[in-house]
Amino acid sequence: MGRLLFRNIEKTYKENIQAVKDFNLEVEDKEFIVLVGPSGCGKSTTLRMVAGLEEITGGELYIDDVLVNDISPKDRDIAMVFQNYALYPHMTVYENMALGLELRKVPKDKIAKKIEEVSRTLDIEDLLNRKPKALSGGQQQRVALGRAIVRNPKVFLMDEPLSNLDAKLRVQMRMEIIKLHNELETTFIYVTHDQTEAMTMGTRIVVMKDGYIQQVATPKELYYNPSNIFVAGFIGSPQMNFIDVNVEKIEDIVYLKTKEIEIKLNEQQGKELEEKGYIGSKLIMGIRPENLSPIDNFSSATNYIEGEVDVIEMAGAESFIHLITEGEKVVAKVNSKKELKKGDILKFCFGYDDIYLFDKESENVVVTKKVL
């Protein structure tokens, strides 16, 4: 079993600097949990508290119903893979992988059998007699994973393990780690600042900011139902567009208005805003770049954004079109085959379900959406 319970976990350093605040989470056995957020949000500190490398200054941490706050790292049955691999340079790959088992007094024949099995799984059988300096970054990462796997721990902890690899190798290793999780059926807790890694790997994602959890959800739920502006802007690439709007009701229809655009809401959206007292208020409207569809007939669309092309970013089959509208910048993701140039005036339409609305003060979502 590899079930974890975080109950009001906090980490405070000297001078009352709080790195992690009121962290509450239940991790089920065999889950792949990803902690994601910008640098300094507390995700690595949280992982190190699980490993026992950082002291917990508040709250309780349980692993399989056992309180581990004061249990030493070696007795927590946890394996950690670090960003810098942390391999012993004077030891061979075999010796690096065997060390943890030797310290546990595992018989040599069992160690050899386990290393043989794991090295075959990770395709590092030919590297066992080499030392780390003779390995590429990707090979060192596989060895670091192998060293963790041979211990057969309850929980795997991974602290940005792919950040030192090139883009192509990161994609490859990402798939390898997902396959490992499926094969090992063990709990994984993975830390990254890369939202693409988080979205492709995690069964659930914990989004953090300034030491606090912002939202815990599946990748699909995070994308379609962000709880606030921070999550909405962090998940998705390019990030969601945000535009200040006024909420007005005209003849039983609720509109979002700026100086140049007028967006009609459907009956349910309008009703929800009215019930929550937002008629006559200012909100922040969010629209994802991929939900903006270019239209050629300027008279056919009901809800649209019009702007002048400022910058065009080519990204293979897609292009990111940076528009200037009402002095604000809006990004649209379109097919690269469309011929565009700086200065073009374009119009992009969107549907009712593409609109996100956030409170200007709390920055929390106002109108709830369904996960599709």
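Structural notes, computed from the coordinates. (Residues numbered from 1 in each chain as written. Predicted model: local features only at pLDDT ≥ 70, side-chain atom pairs only at ≥ 80, totals over all residues. Heavy atoms only, no water.)

Moving on, we get to the packing of aromatic side chains. Counted according to the given criterion, the structure contains seven aromatic pairs. Plain terms: the ring middles of Phe-6 and Phe-23 are 5.1 Å apart, the flat faces sit at 65° to each other, and that makes the pair edge-to-face. You can see Phe-6 sitting in strand S1 (residues 4-13) and its partner Phe-23 sitting in strand S2 (residues 17-27), a full 17 residues away along the chain. With respect to burial, Phe-6 and Phe-23 carry one shared label: buried. Three or more aromatic residues link up through ring pairs in this structure, and these residues are Phe-32, Phe-156, Phe-188 and Tyr-190. (Phe/Tyr/Trp six-rings, centres within 6.5 Å; stacked < 30°, edge-to-face > 60°. Helix = DSSP H or I, 4+ residues; strand = E, 2+ residues; numbered from the N terminus. Buried < 20%, exposed > 50% of the residue type's maximum accessible area, 1.4 Å probe, protein only.)

On to empty space enclosed by the protein. Under the counting rule described, the total for this entry stands at one cavity of 30 Å³ or more. As for the largest cavity, its lining consists of Ile-243, Thr-258, Ile-261, Ile-305, Thr-325, Glu-326 and Glu-328. Grouping the constituent residues of the lining of the largest cavity by class yields three nonpolar, two polar and two charged. (1 Å grid on protein atoms, 1.4 Å probe; cavity = no way out; pocket = protein on both sides within 12 Å on 5 of 7 lines; lining within 4 Å. Points joined across faces, edges and corners; volume = space filled by probe spheres on them. Nonpolar A, V, L, I, M, F, W, Y, C, P; charged D, E, K, R; others polar.)

The buried fraction of helix H1 (residues 43-51) amounts to seven of the nine residues, a majority that puts the element mostly inside the structure. Listed as buried for H1 are Lys-43, Thr-45, Thr-46, Leu-47, Met-49, Val-50 and Ala-51. Immediately beyond the C-terminal end of H1, within one or two residues, lies Gly-52, with a positive phi of roughly 90°.

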